[in-house]
Amino acid sequence: MKKSLLICGLLLLQATLVLHAQSRYAIIPKPTRLTEQKGSFTIPRDVDIIIQSTNAQLLPIARLLADQLAIATGYKPSVTAGKAGKGILFVSAKGPQFGAEGYKLTVSPRQIVITAEQPKGFFYGVQTLMQLMPPAVFSSTQVDNVAWEVPACTIEDQPRYGYRGGMLDVGRHYMPVEFIKKFIDLLALHKMNTFHWHLTEDQGWRIEIKKYPLLTKIGSIRKQSMVGRYGDNKYDGKPYSGFYTQDEVREVVKYAGTKFVTVIPEIEMPGHSAGVLAAYPQFGSNPDKIVDVVTKWGVMDDVLFPREETFTFLEDVLTEVMDLFPSQYIHIGGDECPKTQWKQSRFCQNLMKEKGLKDEHELQSYFIQRIDKFVTSKGRRIIGWDEILEGGLSPNATVMSWRGVAGGIAAARQNHDVIMTPTTYCYLDYYQVDKSLQPTVPIAIGGYLPLEKVYSFDPSVTDSLTAEQAKHVLGVQANLWTEYVLTPAYAEYMLFPRLIAVAETGWTPQASRTIDDFKKRLEIHNKRLDYLKVNYYGAPINGGFEYQMPKETASK
């Protein structure tokens, strides 16, 4: 009996210690290694942030930390260069230890030291440091009566994958620049390093192209939008428009750079191009055909044709796009391209015979290879959705595997780089609740993708790839398509907390991840999101915004 009581007592103590650690060190994504220490560092009112490095890129990172501390605490942090101090130190690593994005964070009662090789590592070290502080550090105004302490620990951390992305579709519904910046902030907070900006669609072209002004004058405006579920077949009767000027794009790209987020633009081709054809029908099946910017959701038959004038147009567009976006990758879509018009076209059938192409899938491959060759000639690389595998993969293409992981596996086996983003784990436009509750929540595109399933994804698929092939899996990405997502608040409701689960999938070693541990840390993390005014699913502010509700609920 006594032995049983002792065992129960030890188990209870162990559970208490685990819960204490989860609240004391509630860091997301979970670090690679964390060693708890006794005591804590109390942030003084005149805390010094000392840069022990000649790297000028560290100064703005230190100032980001100082500025946020000043706002939330009311203290007066200083940022200086020097070799000694008892405040928060930025120390350059001696020799290769952590990689471009890794860091070491040492917190003792005497001082805090962030050690890294590159500015990215220091930036991510700062993100972790802020998560060790009370959640109020993320407040936009001063918060009083807070014990501004940082628990002592030693953290050594670096990402599992080099590509950790979030995609936002602004083709179906335009999102203002202010929200784009907030989205970038939230990506950076969770150590995600890529913003995939889906800029063009059948339902609207959203980026200014100087050489082709009709793309925004005509292609960015649809006559009306669907209301409610697709099956309701109802429309609002109101014109819908919006696009980003080139100055706004430059502003976003520059801002993202301060948060170490790369912005990858997506220009859809050859499908999802009604926005182009409404403005310039000569690049489609018939120059006399009237093509409207599409008002309903779905996949449309009107696509770009592989004529020389079309390639000239696309090269002109991509030239302007590449001038705006310094990213290595340019996303060219390549998905959901119906072949109906190509099959019915004498020009396309003759071109296939001339090029020795056996079917329309190979014709699409020819199309993509032409674009690949042009983009490669400019020192960049293309990414395409996994349909670009059909008909033969373009030599330099990276594949974004969305229809499950099979496309990614096939590409990796061909020694092509892959980003895993399957619908079954990474499509955040799916419902967060099961079918029984779906009539009571805002409309989503369908399906059921709860937080637990998102978190369970392992992008490495090592059971299907050799160790060498698995190296081609660059990382993971979450996607939000916006057919039903009208506003930034609606977008946040769909994105969070599931995007955070994807962030941890991309950063934390698989063996270190458990859903129960994640959820415990998320409870604390939600308090940070509250200060940041994020409308995550289940947030206290959910009721303050308008959503598209099922008509049965909306009518009550």
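One can find the structure itself at the top, above this paragraph.
Residues numbered from 1 in each chain as written. Predicted model: local features only at pLDDT ≥ 70, side-chain atom pairs only at ≥ 80, totals over all residues. Heavy atoms only, no water.

Before going further, it helps to spend a moment on the overall build of the chain. Helix and strand counts for the chain stand at 19 helices and 19 strands. Relative to its full complement of 556 residues, the chain shows a buried share of 57%. In the chain, 72% of the contacts between residues at least 6 apart in sequence involve partners at least 24 apart. Accessible surface for the chain amounts to roughly 23200 Å². Of this, 54% is attributable to carbon and sulfur atoms. Each charge sign in the chain was given a centre, from 62 positive and 59 negative side chains, and these centres are 5 Å apart. (Helix = DSSP H or I, 4+ residues; strand = E, 2+ residues; numbered from the N terminus. Buried < 20%, exposed > 50% of the residue type's maximum accessible area, 1.4 Å probe, protein only. Contact = heavy atoms within 4.5 Å. Areas by Shrake-Rupley, 256 points an atom, 1.4 Å probe, with all protein chains shown as cover. Lys, Arg positive; Asp, Glu negative; His and termini not counted. Charge placed at Lys NZ, Arg CZ, Asp CG, Glu CD.)

Okay, the sheet that holds strand S3 (residues 78-81) next. Taken in spatial order, the seven strands of this open sheet run S1-S7-S5-S6-S4-S2-S3, and their pairing is mixed. Strands at the two margins of the open sheet, each flanked by one partner only, are strand S1 (33-42) and S3. In this sheet, neighbouring strand axes are inclined to one another by 20° on average, regardless of whether the strands run parallel or antiparallel. When strand S2 (residues 48-52) meets strand S4 (residues 88-92), the two strands line up parallel, connected through four bridges. From the neighbouring strand, Gln-52 faces S4, where its bridge partner is Val-91. Together, S4, strand S5 (103-107), strand S6 (112-116) and strand S7 (149-157) form the strand contacts of helix H3 (residues 119-132), whose direction differs from that of S5 by roughly 35°. (Pairing = 2+ DSSP bridges. Axes fitted to C-alpha atoms, helices over the stretch in contact; angles between N-to-C directions.)

Counting residues in each nonpolar core, the largest one holds 162 residues, and the members touching the most others are Phe-90, Ile-180, Phe-195, Trp-197, Tyr-244 and Phe-325. The leading source of residues in this core is helix H4 (residues 177-189), at nine residues. Excluding residues within four positions of it along the chain, Ile-180 makes contact with Leu-168, Val-170, Met-175, Phe-195, Trp-197, Tyr-244 and Val-252. The next biggest cluster of nonpolar side chains, apart from the first, holds 11 residues, and it includes Met-167, Ile-383, Tyr-427 and Trp-481. (Core = buried A, V, L, I, M, F, W, Y, C linked by side-chain atoms within 4.5 Å.)

Another aspect to go through is the pairing of S3. Every other side chain in a regular strand lies on the same face of the sheet, so the side chains alternate between the two faces. Pairing of S2 with S3, which is carried by four bridges, proceeds in the parallel orientation. Each bridged residue has a counterpart across the sheet, and for Ile-49 the counterpart in S3 is Val-79.

A word on helix H11 (residues 360-377). Every α-helical turn comprises 3.6 residues, leaving residues that sit three or four positions apart pointing alike. Taking 1.5 Å as the rise per residue, H11 with 18 residues should run 26 Å; its terminal C-alpha atoms sit 26 Å apart, in good agreement. Among the residues making up H11, those that are buried are Glu-360, Glu-362, Leu-363, Gln-364, Ser-365, Tyr-366, Phe-367, Ile-368, Ile-371, Asp-372, Phe-374 and Val-375. At the N-terminal end of H11, a side-chain oxygen is found 3.1 Å from the backbone nitrogen of His-361, two or three residues along, and the residue is Asp-359. Just beyond H11, the residue with positive phi is Gly-379, at close to 80°. (Expected span 1.5 Å × (residues − 1). Polar contact = N/O pair within 3.5 Å; in protein donor to acceptor, adjacent residues only side chain to side chain.)

Attention now goes to the state of the cysteines. Inspection of every chain in the model, using the stated rule, returns zero disulfides. Free cysteine: Cys-348, not disulfide-bonded; nearest cysteine sulfur from Cys-337 at 9.7 Å. We classify Cys-348 as buried; its relative accessible area is 0%. (Disulfide = S-S within 2.5 Å.)

In this section: empty space enclosed by the protein. The final tally for this structure, using the stated rule, is two cavities of 30 Å³ or more. Contributing to the lining of the largest cavity are Tyr-431, Gln-432, Val-433, Val-441, Pro-442, Ala-444, Tyr-493, Met-494 and Tyr-537. Of the residues assigned to the lining of the largest cavity, the class counts are eight nonpolar, one polar and no charged. Roughly 30 Å³ of internal volume is contained in the second largest cavity. Taken together, Leu-277, Pro-281, Gly-284, Ser-285, Asn-286, Lys-289, Val-291, Asp-302 and Gln-341 make up the full set of residues lining the second largest cavity. The residue makeup of the lining of the second largest cavity, split by class, is three nonpolar, four polar and two charged. (1 Å grid on protein atoms, 1.4 Å probe; cavity = no way out; pocket = protein on both sides within 12 Å on 5 of 7 lines; lining within 4 Å. Points joined across faces, edges and corners; volume = space filled by probe spheres on them. Nonpolar A, V, L, I, M, F, W, Y, C, P; charged D, E, K, R; others polar.)

This part takes up the environment of Ile-500. Relative to the elements of secondary structure, Ile-500 occurs in helix H17 (residues 498-507). When the C-alpha atoms of Ile-500 and Val-276 are compared, they prove to be 35 Å apart, with 224 residues separating the residues in sequence. Those residues in contact with Ile-500, other than ones at most four positions away along the chain, are Ile-28, His-190, Phe-518, Leu-522, His-525 and Leu-529.

Okay, the packing of aromatic side chains next. Here the distance between the centres and the angle between the planes together describe a pair of aromatic rings. Under the criterion given, the structure shown has 26 aromatic pairs. Considering the side-chain rings of Phe-90 and Phe-122, the 5.6 Å spacing of their centres and the 5° angle between planes classify their relative orientation as stacked. Placement of Phe-90 in strand S4 and of Phe-122 in helix H3 is noted, with a sequence separation of 32 residues between them. Owing to a relative accessible area of 1%, Phe-122 belongs among the buried residues under this scheme. Aromatic pair Phe-195 and Trp-197: ring centres 5.5 Å apart, planes at 35°, arrangement tilted. Of the two residues, Phe-195 and Trp-197, neither departs from the other in class, the shared state being buried. (Phe/Tyr/Trp six-rings, centres within 6.5 Å; stacked < 30°, edge-to-face > 60°.)

What follows is about the side chain of Asp-417. Looking at the secondary structure, you find Asp-417 in the loop between helix H12 (406-413) and strand S18 (418-420). A polar contact of 3.5 Å, which involves the side chain of Asp-417, links it to the side chain of Arg-381. Ignoring anything within four residues of it in the chain, the contact list for Asp-417 reads Tyr-329, Arg-381, Ala-397, Thr-398, Val-399, His-472 and Leu-474.

Once rolled over the atoms, a probe with the size of a water molecule shows which space is left empty. Approximately 630 Å³ is the volume attributed to the largest pocket. For the largest pocket, the lining is made up of 22 residues, of which Gln-68, Phe-138, Asp-185, Lys-259 and Leu-532 are closest to its centre. Of all the secondary-structure elements, those providing two or more residues to the lining of the largest pocket are helix H2 (58-73), H3 and H4. Here the lining of the largest pocket is composed, by residue class, of 13 nonpolar, four polar and five charged. By volume, the second largest pocket is sized at about 310 Å³. The wall of the second largest pocket is formed by 20 residues, among which Arg-172, Glu-336, Ile-445, Trp-481 and Glu-483 lie closest to the centre. When its residues are assigned to classes, the lining of the second largest pocket shows 10 nonpolar, three polar and seven charged.

The subject of this paragraph is the sheet that holds strand S15 (residues 329-333). The eight strands lie next to each other as S8-S9-S14-S15-S16-S17-S18-S19, forming a closed barrel whose pairing is parallel. Ignoring which end each strand starts from, the neighbouring axes of this sheet average 30° apart. By the bridge criterion, three bridges tie S18 to strand S19 (residues 473-480) in an arrangement that is parallel. Bridged to Ile-419 within S19 is Gly-475. Packing against the sheet, helix H8 (residues 308-324) makes contact with strand S14 (262-269) and S15, and its axis sits at approximately 170° to S14.

We now examine the pattern of salt bridges. Within the structure shown, the criterion is met by 24 salt bridges. Across the pair Lys-355 and Glu-354 runs a salt bridge whose closest N-O atoms are separated by 3.9 Å. Residue Glu-354 is classed as exposed on the basis of its relative accessible area of 59%. Overlapping salt bridges, with partners in common, bring together Lys-30, Glu-504, Asp-517 and Arg-521 in one network. (Salt bridge = Lys/Arg side-chain N within 4 Å of Asp/Glu carboxyl O.)

Such coordinate-based values are descriptive only and should not be taken to indicate function.
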